[in-house]
Amino acid sequence: MKRLLILATVSAALMTSGCITVIDADGDDSWHGNNAQPFDAAREECDDRTESRDAFVACMAGKGWTRS
């Protein structure tokens, strides 16, 4: 029984370790990153460098973050 519990825990950890999801303060924008730059740093840099929402989304995509 102990082996099964350990195996299930390790399996769950491995299945969820490859992807990150971040929900903005608005609660409606989900960002997903796989091997992406740290979210807060990427968001701050893109916010400083862009003027429009489309340019911001493109900048974030360049840093490994996509919206769902």
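In case you missed it, the structure is sitting above this.
Please read all numbers here as calculations on a predicted model, not as lab measurements. (Residues numbered from 1 in each chain as written. Predicted model: local features only at pLDDT ≥ 70, side-chain atom pairs only at ≥ 80, totals over all residues. Heavy atoms only, no water.)

Visitor: What am I meant to see in the environment of Gly64 here?
Guide: Looking at the element boundaries, Gly64 is found in the loop between helix 3 (53-62) and strand 3 (65-67). It is 6.5 Å that separates the C-alpha atoms of Gly64 and Gln37, two residues lying 27 residues apart in sequence. (Helix = DSSP H or I, 4+ residues; strand = E, 2+ residues; numbered from the N terminus.)

Visitor: Explain unusual backbone geometry here, please?
Guide: In most cases, non-glycine residues show a negative phi, while peptide bonds are predominantly trans. The backbone of Asn35 sits at a positive phi, close to 60 degrees, despite the residue not being glycine. Relative to the elements of secondary structure, Asn35 occurs in the loop between strand 2 (30-33) and helix 2 (39-49). A relative accessible area of 79% places Asn35 in the exposed class. (Buried < 20%, exposed > 50% of the residue type's maximum accessible area, 1.4 Å probe, protein only.)

Visitor: Just checking my understanding: could you explain the packing of aromatic side chains for this structure?
Guide: To describe a pair of aromatic rings, you give the distance between the ring centres and the angle between the ring planes. With the rule as written, the count across this model stands at three aromatic pairs. Ring geometry for Trp31 against Phe56: centres 5.9 Å apart, planes inclined by 85 degrees, an arrangement best described as edge-to-face. Placement of the pair is Trp31 in strand 2 and Phe56 in helix 3, with a sequence separation of 25 residues. Accessibility expressed as a relative area gives 17% for Phe56, which makes it buried. Where Phe39 meets Trp65, the ring centres are 5.0 Å apart and the plane angle is 75 degrees; that geometry is what we call edge-to-face. (Phe/Tyr/Trp six-rings, centres within 6.5 Å; stacked < 30°, edge-to-face > 60°.)

Visitor: Quick question: what am I supposed to make of the state of the cysteines here?
Guide: Such a bond, covalent and formed between the sulfur atoms of two cysteines, is termed a disulfide. One pass over the structure, following the stated rule, counts one disulfide. At a sulfur-sulfur separation of 2.1 Å, the disulfide partner of Cys46 is Cys59. As the torsion about the S-S bond is roughly -80 degrees, the Cys46-Cys59 disulfide counts as left-handed. Within this pair, whereas Cys46 is found in helix 2, its partner Cys59 is found in helix 3, the two being separated by 13 residues in sequence. Considered together, Cys46 and Cys59 belong to a single accessibility category, that of buried residues. (Disulfide = S-S within 2.5 Å.)

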